[in-house]
Amino acid sequence: MSSPAVPSVLFVCVHNAGRSQMAAAFLTRLGGDGVQVRSAGSAPADAVNPAVVEAMKETGIDISAETPKVLTADAVQSSDVVITMGCGDACPYFPGKRYLDWTLDDPAGQGVQAVRPIRDEIERRVRGLLAELGIEVTS
């Protein structure tokens, strides 16, 4: 028998510069090879939020080289789980996909102190998602 396919998770927020970048970074770090990770935005920013980069550095994760990506229908179609973070109606819907909506404060325009609790909540939810998917945390 072949081994089951690795689940694919897509994180979506408006600018793909904060919440979805943090979630993707945590899932990549904690899920390792057990999960495929993507992130995108319905209206991507030019760069990742510097306060988000700084807050993630405090956890030992460097996302300074990441760039916001535009949300495509292909990205949604090729994902098993789609997690939206305040992108509203801009997210395409496809039957048969699992959709979760994580209501989180938007770190846009906020300093690193305001980003830390958002970051910590995202990490908590990512750990919960890994448990739901039956993927062992790698670190």
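Owing to the predicted nature of the structure, the values given are computational and were not obtained by experimental measurement.

A.B. asks: Would you mind going over unusual backbone geometry with me for this structure?
C.D. replies: Glycine aside, negative phi is the norm for most residues, and most peptide bonds take the trans geometry. Within the chain, Asn16 stands out as a residue other than glycine whose phi angle is a positive 50 degrees. As for its placement among the helices and strands, Asn16 is situated in the loop between strand S1 (8-13) and helix H1 (19-31).

A.B. asks: Would you mind going over the confidence of the model for the protein chain with me for this structure?
C.D. replies: Caution is warranted with low-pLDDT regions, since their predicted coordinates should not be read in detail. The pLDDT averaged across the protein chain works out to 91; a share of 92% of its residues lies at or above 70. Ranking the helices and strands of the protein chain by mean pLDDT puts helix H2 (residues 50-57) first, with 98, and helix H3 (residues 73-77) last, with 90.

A.B. asks: Any chance you could explain the pattern of salt bridges here in plain terms?
C.D. replies: Oppositely charged side chains can pair when the atoms bearing their charge come close. A complete count under the given rule lists 8 salt bridges for this structure. Put simply, Arg119 and Asp120 hold a salt bridge, and the shortest N to O gap is 2.9 Å. A salt bridge links Arg125 to Glu121; the nearest nitrogen and oxygen atoms lie 2.7 Å apart. A residue pair is termed a helical-turn pair when its members lie 3 or 4 positions apart in one helix, as Arg125 and Glu121 do in helix H4 (residues 112-133) at 4 residues. Residue classification places Arg125 among the partly exposed residues on the basis of a relative accessible area of 22%. In the salt-bridge network here, residues are joined through shared partners; they are Glu58, Arg116, Arg119 and Asp120.

A.B. asks: Which parts of the structure should I look at to understand the environment of Thr67?
C.D. replies: With respect to the secondary-structure elements, Thr67 resides in the loop between H2 and H3. The exposure class assigned to Thr67 is partly exposed, which follows from its relative accessible area of 49%. On a C-alpha basis, the gap between Thr67 and Ala17 in space is 7.7 Å, while along the polypeptide they are 50 residues apart. With sequence-adjacent residues up to four places away left out, Thr67 is seen in contact with Asn16 and Gln21.

A.B. asks: Whenever I open this one, H4 confuses me. Can you help?
C.D. replies: The periodicity of an α-helix, 3.6 residues per turn, causes residues three or four places apart in sequence to face the same way. Compared with an ideal rise of 1.5 Å per residue, which puts 22 residues at 32 Å, H4 spans 31 Å between its outermost C-alpha atoms and is within 8% of the ideal. Structurally, H4 contributes buried residues whose contacts are with S1, H1, H2, strand S3 (81-84) and strand S4 (98-101). Phi turns positive one or two residues past the end of H4, at Gly134, with a value near 75 degrees.

A.B. asks: Any chance you could explain H2 here in plain terms?
C.D. replies: Among the residues making up H2, those that are buried are Ala51, Val52, Val53, Ala55 and Met56. Against the buried residues of H2 lie H1 and H4.

A.B. asks: Looking at this structure, I do not really get the nonpolar core. What am I missing?
C.D. replies: What tends to happen in soluble globular proteins is that the nonpolar side chains get buried as a cluster. Phe11 and Val126 are the most contacted members of the largest nonpolar core, which has 31 residues in total. If you list the elements that add at least two residues to this core, you get S1, H1, H2, S3 and H4. With 7 residues, H1 is the largest single contributor of residues to this core.

A.B. asks: Which parts of the structure should I look at to understand the environment of Ala55?
C.D. replies: The residue Ala55 is located in helix H2 in this model. Owing to a relative accessible area of 0%, Ala55 belongs among the buried residues under this scheme. Residues Ala55 and Pro117 lie 62 residues apart in sequence; the distance between their C-alpha atoms is 9.6 Å. If sequence neighbours within four positions are ignored, Ala55 has contacts with Val112, Val115 and Arg119.

A.B. asks: What am I meant to see in the pairing of strand S2 (residues 36-41) here?
C.D. replies: It is a general feature of regular strands that their side chains alternate between the two faces of the sheet. In the sheet, S1 pairs with S2 via 6 bridges, with the strands oriented parallel. Bridging from a neighbouring strand, Phe11 pairs with Ser39 of S2. Regarding the hand of the β-α-β motif, the stretch spanning S1, H1 and S2 is right-handed.

Criteria and thresholds
- Residues numbered from 1 in each chain as written.
- Predicted model: local features only at pLDDT ≥ 70, side-chain atom pairs only at ≥ 80, totals over all residues.
- Heavy atoms only, no water.
- Helix = DSSP H or I, 4+ residues; strand = E, 2+ residues; numbered from the N terminus.
- pLDDT = per-residue confidence, 0-100.
- Salt bridge = Lys/Arg side-chain N within 4 Å of Asp/Glu carboxyl O.
- Buried < 20%, exposed > 50% of the residue type's maximum accessible area, 1.4 Å probe, protein only.
- Contact = heavy atoms within 4.5 Å.
- Expected span 1.5 Å × (residues − 1).
- Core = buried A, V, L, I, M, F, W, Y, C linked by side-chain atoms within 4.5 Å.
- Pairing = 2+ DSSP bridges.
- Right-handed = clockwise from strand over helix to strand, strands pointing away.

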